[in-house]
Amino acid sequence: MASLELASRERVVADMVATADGRAAVDGRSVALGHPEDRALLRELRAAADAILVGTGTLAAERYASLLDDEARKRRVAEGRPPHPLVVTISRRLDLPIAAAPIFSEADVPILAFTESDAGAPPVAADLEVVRLPAPLSLMAVLAALRARGVKGVLCEGGPSLLRRLIAEDLLDDLCLTVAPLLAAGGAPSILEGDVLPEVPRLHLRDVHRADDHLFLHYGLRP
Ligand SMILES: NC(=O)c1ccc[n+]([C@@H]2O[C@H](COP(=O)([O-])OP(=O)(O)OC[C@H]3O[C@@H](n4cnc5c(N)ncnc54)[C@H](OP(=O)(O)O)[C@@H]3O)[C@@H](O)[C@H]2O)c1
């Protein structure tokens with residue numbers, strides 16, 4: 001059933017990093033977990049994506065800004081694509097982290113915010129569009145709206161709450177997980193946060209790559 005649905009919908013890939021004890025953040029951010037190859041993979045995935053789906057918690061915590069460099073933008077234009085992928089976020093009450101995330105001040109970045117709220121779009125320098133969907137807001141409805149705009153490839157950059165919802169709605173196709181050679185403990189989230197999933201998905205290991213002490217795992221969620 002899922003594979004039939006996949007044939008008629010966009011591909012959704014998530015890229016996440018965790019410590020060896022499964023924490024997705026140290027001191028509230030993931031930056032300490034990275035590796036140059038991990039950052040290079042993220043740049044490639046961003047350049048290839050039609051849309052980048054990211055939660056408001058992550059936009060704020062990671063102070064989102066400057067997702068694509070000039071070279072990646074030029075490459076996209078040469079391929080006949082828009083210079084920048086759509087940046088897509090969801091917020092039921094349209095509570096956008098405008099002060100915390102500099103991306104809202106980048107004039108040439110198209111941002112779509114899906115909401116249940118009737119609130120208007122706040123004034124920002126970015127090209128922000130607010131799309132109202134019926135409550136309860138579902139990622140299935142968000143992806144259907146993106147599909148109607150021609151989106152075929154979606155990169156989900158988390159965070160853990162948004163990614164859990166994507167998996168709970170059976171909408172994730174691939175998970176790129178970097179395991180950082182760190183142990184953190186404490187109360188940091190895992191790569192998925194929230195209630196136990198209604199069905200526990202089985203992952204299929206597609207590829208493994210090592211760079212120094214970092215491990216790169218590519219899982220598929222479909223056989
Ligand atoms: N290691 C990694 O790879 C990685 C990647 C990303 C983030 N992180 C870390 O993760 C943390 C942030 O993650 P987070 O889980 O707090 O936030 P998040 O997943 O980035 O954002 C939560 C999103 O889910 C929405 N949401 C929550 N409940 C919902 C529902 N029932 N229906 C529809 N939408 C719903 C929220 O909007 P509303 O509540 O406004 O509706 C919000 O957009 C930070 O520490 C960040 O550093 C780590």
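Residues numbered from 1 in each chain as written. Predicted model: local features only at pLDDT ≥ 70, side-chain atom pairs only at ≥ 80, totals over all residues. Heavy atoms only, no water.

**Some details on the sheet that holds strand E6 (residues 153–156)**
The criterion, for reference: Note on pairing: DSSP must find at least two bridges between two strands before they are called paired. What counts as a helix is a DSSP run of H or I of at least four residues, what counts as a strand is a run of E of at least two, and both are numbered from the N terminus. A fitted line through C-alpha atoms represents every axis, and for helices the fit uses only the stretch in contact; the resulting angles, taken between N-to-C directions, go from 0 to 180 degrees.
One open sheet holds the 9 strands; their spatial order is E5-E4-E3-E2-E6-E1-E7-E9-E8, and the pairing between them is mixed. Strands with a single pairing partner mark the edges of an open sheet, and in this sheet they are strand E5 (127–132) and strand E8 (204–211). The mean inter-strand angle of the sheet, taken between neighbouring strand axes irrespective of direction, is 20°. One ladder, built from 7 bridges, connects strand E1 (residues 11–19) with strand E7 (residues 174–180); its direction is parallel. Paired with Val 13 across the strands is Asp 174, a residue of E7.

**Details of the nonpolar core**
Convention followed: Only buried Ala, Val, Leu, Ile, Met, Phe, Trp, Tyr and Cys residues count toward a nonpolar core, and they belong to the same one when joined by side-chain atoms within 4.5 Å. Only protein chains enter the accessibility calculation, which uses a 1.4 Å probe; a residue whose area is less than 20% of its type maximum is buried, one above 50% is exposed, and one in between is partly exposed. Pairs of residues are marked as contacts when any of their non-hydrogen atoms sit within 4.5 Å.
Grouped together as the largest cluster of nonpolar side chains are 36 residues, with contacts concentrated most on Val 88, Phe 114, Leu 146, Leu 166, Leu 172 and Leu 175. For this core, the element with the highest residue contribution is helix H5 (residues 139–148), accounting for 5 residues. Not counting chain neighbours up to four residues away, the residues in contact with Val 88 comprise Ala 51, Ile 52, Leu 53, Val 54, Leu 112, Phe 114, Val 142 and Leu 146. Counting 23 residues, the second-largest nonpolar core is a separate cluster that includes Tyr 64, Ala 72, Ile 103 and Leu 128.

**Some words on the site of the ligand**
In plain terms, the rule: Here a residue counts as near a molecule or strand whenever at least one of its heavy atoms sits within 4 Å of it. Throughout this description, a polar contact denotes any pair of N or O atoms lying within 3.5 Å of each other; where both atoms belong to protein, one of them has to be capable of donating a hydrogen while the other can accept it, and for residues adjacent in sequence the pair is counted only when both atoms sit in side chains. Every accessible area reported is derived by Shrake-Rupley at a probe size of 1.4 Å, with residue values counting cover from the shown protein chains alone. Three categories are distinguished: nonpolar for Ala, Val, Leu, Ile, Met, Phe, Trp, Tyr, Cys and Pro, charged for Asp, Glu, Lys and Arg, and polar for the others, with Gly belonging to the last.
Near the ligand, the surroundings consist of 22 residues, among which Val 17, Glu 62, Ile 90, Arg 92 and Ser 161 are the closest. Separating an oxygen atom of the ligand from a side-chain N or O atom of Glu 62 is a distance of 2.4 Å. The separation between an oxygen atom of the ligand and a polar main-chain atom of Gly 159 is 3.0 Å. For the ligand, whose free accessible area comes to 930 Å², the fraction covered by protein is 81%. Of all the secondary structure elements, the ones that give two or more residues to the shell around the ligand are E1, helix H3 (56–61) and helix H6 (160–168). Of the residues assigned to the shell around the ligand, the class counts are 8 nonpolar, 9 polar and 5 charged.

**Overview of the environment of Glu 44**
Along the polypeptide, Glu 44 turns up in helix H2 (residues 36–48). For Glu 44 and Ala 180, which are 136 residues apart along the polypeptide, the C-alpha to C-alpha distance reads 19 Å.

**A word on helix H4 (residues 70–78)**
Counted only if it meets this: The arc in question is traced by the directions running from the helix axis to the C-beta atoms.
Buried within H4 we find Ala 72, Arg 73 and Arg 76. Looking straight down H4, one finds that the buried residues subtend no more than 100° of arc, so they occupy a single side. Facing away from the buried side of H4 by more than 90 degrees, the exposed set consists of Asp 70, Lys 74 and Ala 78. Its buried side turned inward, H4 meets H2. One or two steps after H4, the chain reaches Gly 80, where phi turns positive at roughly 80°.

**Quick word on the side chain of Asp 174**
Along the chain, the position of Asp 174 falls in strand E7. A distance of 2.8 Å separates polar atoms of two side chains, one belonging to Asp 174 and the other to Arg 11.

**Things to note about a nonpolar patch on the surface**
Condition: Patch criteria: residues need more than 30% relative accessible area and no salt bridge. Like-charged residues are merged within 9 Å; nonpolar side chains of Val, Leu, Ile, Met, Phe, Trp and Tyr are merged within 5 Å. Just to be clear on terms, a salt bridge is a Lys or Arg side-chain nitrogen sitting within 4 Å of an Asp or Glu carboxyl oxygen.
Taken together, the side chains of Leu 205, Val 208 and Leu 215 make up a nonpolar region of the molecular surface, amounting to roughly 240 Å² of accessible area. Tracing the sequence through the fold places Val 208 in strand E8.

**Let's talk about the pattern of salt bridges**
Throughout the structure, instances matching the rule amount to 16 salt bridges. In this structure, the salt-bridge partner of Arg 147 is Glu 10, at a minimum N-O distance of 2.9 Å. Here Arg 147 is found in helix H5, whereas its partner Glu 10 is found in the loop between helix H1 (2–7) and E1, with 137 residues between them in sequence. For Glu 10, a relative accessible area of 2% corresponds to the buried category. Notably, a salt bridge pairs Asp 50 with Arg 81, separated by 3.2 Å at the nearest N-O pair. Of the two residues, Asp 50 sits in the loop between H2 and strand E2 (51–53) while Arg 81 sits in the loop between H4 and strand E3 (86–90), which places them 31 residues apart along the sequence.

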